[in-house]
2 protein chains.
Amino acid sequence: MMRYTNLDLLKFLLFEVHPVNELFQYERFAHLNDEQVWMMIESAKQLADQTMAPHFKSMDEQPAHYDGHGNVRTHPALKQIIQSAAEQGWIGGSALFEHGGMQLPEMVFGTAHHIFQAANNGVEGYLGLSAGAAGLITSFGTIDQLEQYVPKIYSGEWQGTMALTEPQAGSSLTDITTSAKLISDNTYAIRGQKIFISGGQHEACSNFVHLTLARIEGAPAGVKGISLFIIPKFRPEKDGSLTYNDVYCAGDFQKMGQRGYATTHLSFGDNNNCIGYLVGEPHKGLNYMFQMMNGARISVGLCAASVAMAAYQASLQYCKERPQGRMPSEKDPSKPPVTIIHHADIQRMLFTQKAIAEGAIALGIACNKLYDLSHAASDSVKEKSLLLLEILTPIVKTYPSEHGSRSAALAIQTLGGYGFTTDFPVQQHYRDLKIMSLYEGTTGIQSIDLLGRKVVMEKGKALQLLLDEIQLTIEAAKQFDGLAGHAEVLSQELSRITWVLKHLQKFAANGQLERYLSDASVFLEMMSYSVIGWQWLKMAVTASLKLQSAHLPDNQKAFYEGKIHTAAFYFTYEMPHAAACASTLLAEETLTSISNFDLFN
Amino acid sequence: MMRYTNLDLLKFLLFEVHPVNELFQYERFAHLNDEQVWMMIESAKQLADQTMAPHFKSMDEQPAHYDGHGNVRTHPALKQIIQSAAEQGWIGGSALFEHGGMQLPEMVFGTAHHIFQAANNGVEGYLGLSAGAAGLITSFGTIDQLEQYVPKIYSGEWQGTMALTEPQAGSSLTDITTSAKLISDNTYAIRGQKIFISGGQHEACSNFVHLTLARIEGAPAGVKGISLFIIPKFRPEKDGSLTYNDVYCAGDFQKMGQRGYATTHLSFGDNNNCIGYLVGEPHKGLNYMFQMMNGARISVGLCAASVAMAAYQASLQYCKERPQGRMPSEKDPSKPPVTIIHHADIQRMLFTQKAIAEGAIALGIACNKLYDLSHAASDSVKEKSLLLLEILTPIVKTYPSEHGSRSAALAIQTLGGYGFTTDFPVQQHYRDLKIMSLYEGTTGIQSIDLLGRKVVMEKGKALQLLLDEIQLTIEAAKQFDGLAGHAEVLSQELSRITWVLKHLQKFAANGQLERYLSDASVFLEMMSYSVIGWQWLKMAVTASLKLQSAHLPDNQKAFYEGKIHTAAFYFTYEMPHAAACASTLLAEETLTSISNFDLFN
């Protein structure tokens, strides 16, 4: 089987770089220890090896597709995969024991899902969506709602989804029009259309629980009038039977990637018989949804990183095996060719992939740890973790989504023409990955979230906390000769962020909000370089400490040296582009607010 | 129909920026004038509209595929498309009258092909390959060979191909093993395997003329022992009949893009009945092939630019039509949404695409003009044009191939989730484009060609000529207030190139050839920014002159202002990344020459 991730990396991240055992002091996670965690990760790997990876290619070749009659046909293996994953706890595992979960940290749950994403990212989508939907019901629904829906979702019988997007509104949730008319208590008659609903009504589950945003009749305009509803395909009656709830799958979308993952168009209430059950209070739906959305953003970022990782592993294997060409100084054509991993340009492409994929996975795990701390810890740690998570969320979502595509492109490139053929998986990774910059808020939306909300929230407190955290890593790095230079560079980059923000905030202070935000994407790009640089510096410090303190066998030594080397690579090849972004951001005049669109001709 | 290129841009480039009429002074092109040229471009556009663009999507959905019995099934429209294009002269148009051509400049022929590439890049492949193969026979074959093959290729009845790659050798032509055993005169018995043969034996043509590299028995090892052969699928006998020549199509490659364009595996001489006809002298095959290869490299670069252009046009149209969201300062949700082209981030994505696609098309046309001058002009102009073309070829091939993918990714991004669906063409553009960085020498190979050969050729004369040419544009730009800043920046970038080369040449001088070349790709990337910046500055100077000298109607004014604005965008958003590349290149130590590959784990 083709290797798709690296367990040594995961062990390094979970036990050395971002130690999971720091969570065990909290009651919620007190039942765990490192050995148990690792057993779970290994069993997730085994599950992915046995059930998911083998179908990666065939799910692409036999895409999910609409049957013309309300159903989406999916790959025959899907049902069994979902069942097996559910049995091992990989849908409900992070829920509390009392809610039917295993009370796993998101760090552990998310790392298992990273493995699934790397093995078969379409399959993981079904599982992750269900986990998020059930979590949302658990957080904000009634006990009855929890008991009615959550166990069925955790068992893999029912599929959870999130239904936000409407054809006319797209990313602009302000403009959604799906309507809810009060029938009685928390019961509403629903009418409306939702598109791009991942995991919508397919063959592998018997019922679907759509967590849907809709507008109660008479609600205020805009996002302040949006409520959250549970809308099942079949609604459970009091006697335990199920009644069709007038949720019709009206079609699907065929896509360039993630072809095994059903993307549907749902129509609610065509026959005036669709009931939605209000979750929580009216008009607070968007706030609730953001719990799932924020989780989904971390998950999408980690998914992009995971797919980039899988492409990197395939690329690395090929480069080690493929003989071709000779070193530039070898002029004798009778000498045998070398394997291509000897070529400097191939090494550049491999290290670029490694820097992007591993750096992004490290950040994803760091964010999941912050999530855990924000739920399990006490006041000051909780508050700090939450703020850090808030400011990192747009970055953990976006950096892997954007740079992951670049990484997968390099994986194709290392395989030469073969990389473009369906004989190798890297082209599928490249295709699958492209959706990640669109899911759960596009790059543009993440960027406005970062610069417009997160950077300024609580008078810049989240940003300051992040800069302080990075500074701690910088100080630790200064202790090592080989890392002091990187520490200096990263320190300069932090100053640059502050400097650029000062420049931009002039505009905000003058009420020029459009101008302040006009290059938000470039700002996110710039700041990402520092955040990923921070993760690489942290990995390099951890590796340096390990090499200093222990006498290791050669292969383990190489693993740690590889982290230090890749950090150096990152600081030499990637980091310089942050200054280029700053140069763009420091321009006085905006070039992207033209009103004469004929200039585009 | 969806717009896929912009005739105004082509007019601007052909008649104002890189005036084609400068060629008419030479005998070869003395029969032409501007009006004729434009009529031909317009008729090419009409042909593309009528025959090519309508099949862009369906050729992707019905990919070329092997039938299991030696043939590749292609789209039913293909035969008619090739015939129509041939009738209009778009296979043989740039050949001399005496060789059955229309004696068109490559500037004109290539611009017509740009239109075809933008409309349906797979289809253009068949035409371009035939043109290149016939050109190669014309240049180096005998009169008999020319008379036997070229008219049939120009008429579209026979398909020309280039057959270089072998399974075990890949990019390393030194290692090809296809063998040729002398029978008599220029006639050889051929045996061997070739893969990735584009346009190999399909349904739309009745015969195939494979321009094939093989090794004559007893030839020296390496590239100095490679000869060029004409190997037809059916060989013409003296009586005019055709005999099957034992060239068997043994399979095809299914790909992530360019799915309508057949990619085949050919087997020569399985039954010891394959005859190849030597072209030119023995052992000089690679030199000959480089005529076709160099042309193909410009063409691939232009193709990448053309596909990026088509994606840009689709993106622009969508952004003008799609209402979504409000400006950041508009807080009232009852106000109607704006079309997304109003959003700064959308404008950033559109200008990035425009800067990449139009900049690359401008360079492609500039290179074709150099090609024409190198063929038609007299000694000093000829020599200068040839040297400029030599140094620009790796850049005109690579910049659009690499940045074009980034551009098409932005086209997807502007469409949101729709961009990822097969309902819109941008995802196909993105998939198709990815092959361009692999065709005709990968990015790594182009980069070594640039830094290892072109930069140092004739003691750096080609480079100096290029820097001088760019300097002329800088001087012209200084005359305009709005461009003087860009001129200054570009001037600094030229100094940076010289500075970086001085640093790298230390290594070459010490005999550290591997070290000199290790970051060749980063060097090409850096230098590309200046070369494309040069094209943008040239376009901006031309536009400024026009605006100064003429009173134009609003829409024409906007066209020229758009060029000046996009140049400013390029210098603000793209150019700063050249300095980042330089920072990488100026590192003392190499990080990409490791010998312990466990560091990649």
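Residues numbered from 1 in each chain as written. Chains lettered and ligands numbered in written order. Predicted model: local features only at pLDDT ≥ 70, side-chain atom pairs only at ≥ 80, totals over all residues.

### With respect to the overall build of chain A
Here is step 1 of the chain: When you go through chain A residue by residue, the secondary structure sums to 17 helices and twelve strands.
Here is step 2 of the chain: Its C-alpha atoms give chain A a radius of gyration of 24 Å, near enough to 25 Å, the size a compact globule of 601 residues would have.
Here is step 3 of the chain: Looking at chain A residue by residue over its 601 residues, the buried ones come to 60%.
Here is step 4 of the chain: The contacts in chain A between residues at least 6 apart in sequence include a share of 76% that link residues at least 24 apart. (Helix = DSSP H or I, 4+ residues; strand = E, 2+ residues; numbered from the N terminus. Rg over C-alpha atoms; globule rule 2.2 N^0.38 Å. Buried ≥ 20, exposed ≤ 12 C-beta atoms within 10 Å, placed from the backbone. Contact = placed C-beta atoms within 7 Å.)

### So, the nonpolar core
Nonpolar side chains tend toward joint burial in soluble globular proteins.
Here is step 1 of the chain: Formed by 416 residues in total, the largest nonpolar core has its most connected members in Phe229(A), Ala308(A), Phe229(B) and Ala308(B).
Here is step 2 of the chain: When sequence neighbours within four positions are dropped, the list of residues in contact with Ala308(A) reads Gln353(A), Ile356(A), Ala357(A), Ala360(A), Pro400(A), Gly404(A), Ser407(A), Ala408(A) and Leu433(A). (Core = buried A, V, L, I, M, F, W, Y, C linked by C-beta atoms within 7 Å.)

### A closer look at the relation of the copies chain B and chain A
Here is step 1 of the chain: Once turned by 180 degrees and shifted 0.0 Å along the axis, chain B lies on chain A with an RMSD of 0.0 Å. Viewed as a symmetry operation, the transformation between the two copies matches a two-fold axis. (Least-squares fit on C-alpha atoms with pLDDT ≥ 70 in both.)

### Observations concerning helix α15 (residues 520-549) of chain A
Here is step 1 of the chain: Taking 1.5 Å of rise per residue, 30 residues should cover 44 Å, and α15(A) covers 43 Å from first to last C-alpha, within 8% of that figure.
Here is step 2 of the chain: Across the 30 residues that make up α15(A), a large majority, 25, are buried. (Expected span 1.5 Å × (residues − 1).)

### Examining helix α16 (residues 554-574) of chain B
Here is step 1 of the chain: In this model, α16(B) (21 residues) spans 28 Å end to end at C-alpha, consistent with the 30 Å of a helix rising 1.5 Å per residue.
Here is step 2 of the chain: Within α16(B), 15 of the 21 residues are buried, which leaves the element mostly enclosed by the surrounding structure.

### Regarding the domain arrangement of chain A
Here is step 1 of the chain: Examined at the domain level, chain A breaks down into domain 1 (7-154), domain 2 (158-285) and domain 3 (450-590).
Here is step 2 of the chain: Here the C-alpha centroids of domain 1 of chain A and domain 3 of chain A sit 31 Å apart. (Domains from an automatic or database assignment.)

### Focus on the packing of helix α13 (residues 481-509) of chain B against helix α15 (residues 520-549) of chain B
All names here are of chain B.
Here is step 1 of the chain: Their axes nearest at 10 Å, the elements α13 and α15 cross at an angle of 155 degrees. Our classification of the angle between α13 and α15 gives roughly antiparallel. Here α13 runs over α15; the crossing is left-handed. Contacts from Leu 483, His 486, Ala 487, Leu 490, Glu 493, Leu 494, Ile 497 and Val 500 in α13 reach Phe 523, Met 526, Met 527, Tyr 529, Ser 530, Gly 533, Trp 534, Leu 537, Ala 540, Val 541 and Ser 544 in α15. (Axes fitted to C-alpha atoms, helices over the stretch in contact; angles between N-to-C directions. Parallel < 35°, antiparallel > 145°, perpendicular 65-115°, else oblique. Left-handed = near helix turned anticlockwise from the far one by under 90°.)

### What to know about the confidence of the model for chain A
Here is step 1 of the chain: Taken residue by residue, chain A gives an average pLDDT of 96. The fraction at 70 or more is 100%.
Here is step 2 of the chain: Taken over the whole predicted complex, pTM reads 0.98, whereas the ipTM for its chain interfaces reads 0.97. (pLDDT = per-residue confidence, 0-100.)

### Some thoughts on the environment of Ala360(B)
Residues and elements named next belong to chain B.
Here is step 1 of the chain: Residue position: Ala 360 is located in helix α8 (residues 344-376).
Here is step 2 of the chain: Ala 360 gets classed as buried once you count the C-beta atoms within 10 Å, which come to 29.
Here is step 3 of the chain: For the pair formed by Ala 360 and Val 522, sequence separation is 162 residues and the distance between their alpha carbons is 18 Å.
Here is step 4 of the chain: Apart from residues no more than four positions distant in its own chain, Ala 360 is found in contact with Gly 301, Ala 305, Ala 308, Tyr 399, Pro 400, Gly 404 and Ile 532.

### Focus on unusual backbone geometry
Here is step 1 of the chain: At Gln258(A), a position not held by glycine, the phi torsion is positive, near 45 degrees.
Here is step 2 of the chain: On the basis of neighbour counts, which here come to 27 C-beta atoms within 10 Å, the residue Gln258(A) falls in the buried class.

### Here's the deal with the environment of Ala409(A)
Here is step 1 of the chain: Assignment of secondary structure puts Ala409(A) in helix α9 (residues 379-414).
Here is step 2 of the chain: Residues Ala409(A) and Tyr430(A) lie 21 residues apart in sequence; the distance between their C-alpha atoms is 6.4 Å.
Here is step 3 of the chain: When near neighbours in sequence (up to four residues on either side) are disregarded, Ala409(A) contacts Tyr430(A), Ser405(B) and Lys434(B).

### Observations regarding the pairing of strand β3 (residues 158-163) of chain B
Residue and element names in this part refer to chain B.
Here is step 1 of the chain: The element β3 is largely enclosed, with a buried count of six among its six residues.
Here is step 2 of the chain: Alternating residues of β3 divide into Trp 158, Gly 160 and Met 162 and Gln 159, Thr 161 and Ala 163, and every residue in both groups is buried.
Here is step 3 of the chain: In terms of strand pairing, β3 meets strand β6 (residues 207-216) through six bridges, oriented parallel. Its bridge partner lying in β6, Thr 161 is registered against His 210. (Pairing = 2+ DSSP bridges.)

### Focus on the packing of helix α12 (residues 461-478) of chain A against α15(A)
All names here are of chain A.
Here is step 1 of the chain: At a closest axis distance of 9 Å, the pairing of α12 and α15 adopts a crossing angle of 40 degrees. By the angle between their directions, the pair α12 and α15 is classed as oblique. Helix-helix and strand crossings are classified by hand; for α12 and α15 the assignment is left-handed. Contacts from Ile 470, Thr 473, Ala 476 and Ala 477 of α12 reach α15 at Ser 530, Trp 534, Leu 537, Lys 538, Ala 540 and Val 541.
Here is step 2 of the chain: Of the residues that constitute the contact of α12 with α15, the class distribution is seven nonpolar, two polar and one charged. (Nonpolar A, V, L, I, M, F, W, Y, C, P; charged D, E, K, R; others polar.)

### Side note on the environment of Gly125(A)
Residues and elements named next belong to chain A.
Here is step 1 of the chain: Tracing the sequence through the fold places Gly 125 in helix α5 (residues 106-140).
Here is step 2 of the chain: According to the C-beta neighbour criterion, Gly 125 is buried, with 24 such atoms within 10 Å.
Here is step 3 of the chain: C-alpha separation for the pair Gly 125 and Gln 258, spaced 133 residues apart in sequence, amounts to 9.4 Å.
Here is step 4 of the chain: Setting aside its immediate chain neighbours within four residues, Gly 125 contacts Ser 198, Gly 199 and Tyr 261.

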